[in-house]
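Structure at a glance
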Amino acid sequence: MSFFDRRGVAGVSAAILLLTGACSAPEPGAEFNDPHEAHNRAVHEENLAMDRALFGGGKPDKKPLLPQPVANTLGNVADNLGTPSDVINNVLQVRPKPALTNTVRFVVNSTVGILGLFDPATAMGIYADETDFGETLHVWGVREGAYLVVPVAGPTTERDLAGTVVDAIIDPVGALTGPPESYYIGAAKLGGKVADRQRYGDTIDSILYESADSYAQMRLIYLQNRHFELGIEDEADVFDPYEDPYAQ
Amino acid sequence: MPSDLTRRNLMIGLPASVALAALPHGAWALNTGQAKALVDKVVGEVNTVIASGKSESAMFKDFERIFVRYADVRFIAQSSLGPAGRSASKSDLNAYVKAFQGYISRKYGRRFREFIGGRIEVQEARPLKSFFEVRSVAHLRGQAPFRLDWHVFDKSGKHLFFNIIIEGVNMLAAERTEIGAMLDKRRGDIGALAADLQRAG
């Protein structure tokens with residue numbers, strides 16, 4: 001892969017070495033692997049304050065930050081530019097089928113979809129099979145590590161955070177572009193985040209601003225959904241109603 | 001299938017109570033087909049409401065009604081409360097369950113709003129542990145379809161769902177976290193919890 005510069009390769013190998021050795025294991029018996037809870041909660045509060053300032057904190061009269069059609073278009077562009085990176089990860093995971101699907105999506109949306117402004121592939125029933133280097137690490141057998149909350153981006157885990165860093169390095173679109181295009185790409189990606197935040201506004205507001213403990217809710221939702229995405233279906237997590245001693 | 005067994009036992013003249021006692025608990029009156037039929041009914045009603053063209057607030061009311069009718073709200077309430085329910089007085093517990101019913105149906109009825117403009121398609125059902133899992137897929141406009149699982153049992157004697165799992169996110173687990181946190185904030189006072197739940201959701 002010619003777009004890897006030497007620094008990139010070194011960074012990737014260092015990150016993987018670090019991860020395989022350093023991911024913390026859960027405390028036995030604990031429901032979540034969250035040894036940094038106090039710090040995570042502080043970051044969560046800062047993220048909440050930022051979200052409230054940008055998106056109104058659940059007040060119904062708040063105007064959207066971006067008009068939804070604009071946000072959606074930026075989201076389409078960002079998703080399309082993220083597709084080559086998905087394909088690389090599909091290949092690294094030795095999953096040829098999603099690699100092919102994502103390649104077809106990229107071709108269709110870059111051409112028929114006018115450089116990714118539109119998403120005709122989804123309308124045609126060719127759905128994105130999104131992935132990331134965090135998933136690649138999972139496929140390679142790296143443990144999840146501790147739950148983390150990082151500024152702005154929010155919930156993640158040690159493994160997923162390392163994956164995000166590696167994704168930034170191995171992203172072919174990033175490797176092939178420089179300023180000013182890279183700034184426009186960054187702006188489109190932010191727009192895509194705004195689009196998602198606005199589209200699911202009610203549900204996200206209710207989790208962030210109506211929960212008794214929004215930190216605990218976010219942690220539960222992030223980890224359960226992430227495990228679902230990674231295809232971890234743990235039978236032990238399945239709730240058996242006849243084994244619930246409190247609901248007799 | 002448990003129901004076939006029931007029918008056969010009845011046909012050879014065994015008293016129903018003996019036949020039922022011989023079956024594994026929880027499985028006697030429900031089979032895969034019936035579990036799927038329940039979810040078909042729920043989803044059919046949700047889809048009808050979505051397609052009705054009513055105002056959003058009218059739709060919320062309908063969603064609430066569907067939730068109360070087809071979910072085992074009493075079970076969800078007690079399970080969400082956890083061990084604190086054991087030491088509670090009967091009147092506190094009853095007030096809590098009643099308040100929880102309004103809270104949960106408002107909350108999840110409102111979440112169904114995301115399905116407006118889309119449709120849910122019921123797929124297959126399978127036995128899982130002591131109950132049945134019914135898989136469905138939500139198709140929303142301009143989005144990749146996503147998975148929605150329903151867990152169905154007949155613990156109360158009626159076929160009802162007691163858990164919904166949306167792309168891996170489990171309603172019962174979320175409500176245990178929520179009710180647990182609310183109770184902590186009220187220093188374990190279930191009466192105060194019930195009063196506050198009437199306004200929440």
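The name given to chain B in an unreviewed UniProt entry is ABC transporter substrate-binding protein, with the source organism recorded as Albidovulum litorale.

Identification of chain A as VacJ family lipoprotein from Albidovulum litorale is taken from an unreviewed UniProt entry. What UniProt states about chain A under its Sequence similarities (unreviewed entry) heading is, verbatim, "Belongs to the MlaA family."

Looking now at the confidence of the model for chain B. Parts of the model with low pLDDT should not have their predicted coordinates read in detail. Residues and elements named next belong to chain B. Chain-level statistics for chain B give a pLDDT mean of 82 and a share of 86% at 70 or above. Ranking the elements of chain B by mean pLDDT puts helix α2 (residues 16-21) last with 42 and helix α7 (residues 171-185) first with 93. Taken as a whole, residues 1-28 scores under 50 in pLDDT and shows 19 contacts with residues more than four places along the chain or in a different chain. For this predicted complex, the interface confidence reaches an ipTM of 0.81, while the overall pTM sits at 0.84.

Attention now moves to the nonpolar core. In terms of nonpolar packing, the biggest core is built from 72 residues, with Tyr 96, Phe 100, Trp 150 and Phe 161 of chain B touching the most fellow members. Among all residues touching Tyr 96 of chain B, those that are not within four sequence positions of it are Ala 77, Gln 78, Ser 80, Leu 81, Ile 179, Ile 190, Leu 193, Ala 194 and Leu 197 of chain B. One finds Phe 133, Leu 137, Ala 162 and Val 166 of chain A within the second-largest nonpolar core, a separate group that totals seven residues.

Residues and elements named next belong to chain B. Relative to the 21 Å expected for 15 residues at 1.5 Å per residue, α7 spans 21 Å between its end C-alpha atoms, a close match to the ideal helical length. Of the residues making up α7, those classed as buried are Met 171, Leu 172, Ala 174, Glu 175, Glu 178, Ile 179, Ala 181, Met 182 and Leu 183. The backbone nitrogen of Leu 172 has a side-chain oxygen 3.0 Å away, supplied by the residue at the start of α7, namely Asn 170. Directly beyond the C-terminal end of α7, a positive phi value near 50° is found at Arg 187.

Another aspect to go through is unusual backbone geometry. A cis amide bond links Pro 179 of chain A with the next residue in sequence, Pro 180 of chain A, at an omega value of 5°. The topology assignment puts Pro 180 of chain A in the loop between α8 (172-176) and α9 (181-199). Although it is not a glycine, Ile 114 of chain A adopts a positive phi angle of roughly 50°. With respect to the helices and strands, Ile 114 of chain A occurs in the loop between α4 (96-111) and α5 (120-123). Unlike most non-glycine residues, Lys 129 of chain B shows phi in positive territory, near 45°. Inspection of the secondary structure assignment puts Lys 129 of chain B in the loop between β1 (119-128) and β2 (131-139). By relative accessible area, Lys 129 of chain B is classed as partly exposed at 43%.

Turning our attention to the pattern of salt bridges. Residues and elements named next belong to chain A. Using the criterion set out here, one finds 23 salt bridges over all chains in the structure. Taking the shortest distance from any N to any O, the salt bridge between Asp 171 and Lys 189 comes out at 3.9 Å. Separated by 18 residues along the polypeptide, Asp 171 in the loop between α7 (158-170) and α8 and Lys 189 in helix α9 bring together distant segments of the chain. Since its relative accessible area comes to 11%, Asp 171 is described here as buried. By relative accessible area, Lys 189 is classed as partly exposed at 35%. Because the salt bridges share partners, they merge into one network encompassing Asp 34, Glu 37, Arg 41, Asp 213 and Arg 219.

To continue, consider the side chain of Glu 178 of chain B. Within the secondary structure, Glu 178 of chain B is located in helix α7. One buried charged residue, Glu 178 of chain B, remains without a salt bridge, the closest side chain of opposite sign being Lys 107 of chain B at 5.1 Å. Apart from the residues within four sequence positions on either side, Glu 178 of chain B is in contact with Glu 210, Ser 211, Ala 212, Asp 213 and Gln 217 of chain A together with Tyr 103 and Lys 107 of chain B.

A few words now on the sheet that holds strand β5 (residues 169-170) of chain B. Residue and element names in this part refer to chain B. Taken in spatial order, the five strands of this open sheet run β1-β2-β3-β4-β5, and their pairing is antiparallel. Of all strands in the sheet, those bounded by a partner on one side alone are β1 and β5. Pairing of strand β3 (residues 146-153) with strand β4 (residues 160-166) involves six bridges; the strand directions are antiparallel. Note that in β4 the partner of Trp 150 across the bridge is Ile 164. Along the sheet, helix α3 (residues 32-51) makes contact with β1, β2, β3 and β4, crossing β1 at roughly 160°.

The rules we used
Residues numbered from 1 in each chain as written. Chains lettered and ligands numbered in written order. Predicted model: local features only at pLDDT ≥ 70, side-chain atom pairs only at ≥ 80, totals over all residues. Heavy atoms only, no water. UniProt positions renumbered as here; feature names shortened; annotations may be inferred. pLDDT = per-residue confidence, 0-100. Helix = DSSP H or I, 4+ residues; strand = E, 2+ residues; numbered from the N terminus. Contact = heavy atoms within 4.5 Å. Core = buried A, V, L, I, M, F, W, Y, C linked by side-chain atoms within 4.5 Å. Buried < 20%, exposed > 50% of the residue type's maximum accessible area, 1.4 Å probe, protein only. Expected span 1.5 Å × (residues − 1). Polar contact = N/O pair within 3.5 Å; in protein donor to acceptor, adjacent residues only side chain to side chain. Salt bridge = Lys/Arg side-chain N within 4 Å of Asp/Glu carboxyl O. Lys, Arg positive; Asp, Glu negative; His and termini not counted. Pairing = 2+ DSSP bridges. Axes fitted to C-alpha atoms, helices over the stretch in contact; angles between N-to-C directions.

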